[in-house]
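If you want the building blocks of each chain, they are given just below.
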Amino acid sequence: MSEKSNPQIEESWLKVLTSEFEQPYFAGLKVFLTEEKRQYAVYPPGSLIFNAFAHTPFEKVKVVILGQDPYHGAGQAHGLSFSVPDGVKPPPSLVNMYREIQNDLGITPSASGNLECWADQGVFLLNATLTVRASTAGSHQNRGWEAFTDRVIRSLSSGREHLVFMLWGNYARAKKTLIDTQKHLALEATHPSPFSANNGFFGCRHFSKANEYLRQHGIEPIDWSVRRIHGA
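One numbering rule holds for all chains: residues counted from 1, following each sequence as written. Under the rules for a predicted model, residues below a pLDDT of 70 receive no local features and side-chain atom pairs below 80 are neither given nor counted, while totals for whole chains, interfaces and linings still include all residues. The basis for every side-chain value is the complete set of heavy atoms in the structure, and neither hydrogens nor water enter the calculation.

1. Examining the pairing of strand S5 (residues 164–168)
Each residue is assigned to one of three classes by its accessible area relative to the maximum for its type, calculated with a 1.4 Å probe on protein chains only: buried under 20%, partly exposed between the two thresholds, exposed over 50%. The numbering of helices and of strands both runs from the N terminus, where a helix is a DSSP run of H or I of at least 4 residues and a strand a run of E of at least 2. Burial of S5 is extensive: five of the five residues sit out of reach of the surface. Alternating residues of S5 divide into Val 164, Met 166 and Trp 168 and Phe 165 and Leu 167, and every residue in both groups is buried.

Here is the structure:
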């Protein structure tokens, strides 16, 4: 995404969000990112910043899993919250998510941390901040991304029905104010990080609860298994 151009984003999302790209904050964000890239490595690569939108069109969203910002290690971030590309070891929070899925649904944890198979089924893996400076967690917070992703959440809340929002940790739980809980299910728990998973994430059973809610509203549930390894 250059300073002068608008981002290349999936068509259904472009229709919903096109006015955001004309907002002053977004112009400032593009200037900031251009300058950051001149000085530092920035993750994920530019072509993958809007990867979550590419895999999960607006009308296909069933579940939203909200992260905070991308992984800041080389080769980890690919535009999907909690996910890493094939061949990259699943990070600790994702390992804990797999553990909860195993306890909840009996699904054996995968060796792959690539969650594209979830995204392609309608699990919108959204980070509140879509970029990060290498090795510097939180470095692109409060630069405009949150205004953009808050608009994304509001648009889903107002424009869709019967979505499941998984809000893990205080940061994500604060986004509940953007969601119409009369139309959607908001599931809250502590973050799956090793620092907090034992304080309420383990045992939350959000994955089975999400599927039960979807079934109740005539929506195909999510297959939470992750089988794909190196494209298999």
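2. Remarks on unusual backbone geometry
For the peptide bond that leads from Tyr 43 to Pro 44, omega is -10°, which places it in the cis range. Within the secondary structure layout, Pro 44 lies in the loop between strand S1 (42–43) and helix H3 (51–55). In this model, His 162 sits at a positive phi of 60°, which is unusual for a non-glycine residue. Tracing the sequence through the fold places His 162 in the loop between helix H6 (145–159) and S5. Note on His 162: relative accessible area 25%, which makes it partly exposed. Of note in this structure, Arg 205 is not a glycine but carries a positive phi near 55°. Mapped onto the secondary structure, Arg 205 falls in the loop between strand S6 (185–189) and helix H8 (206–216). With relative accessibility at 43%, the residue Arg 205 sits in the partly exposed group.

Without other data, these values stay purely geometric and don't point to any function.
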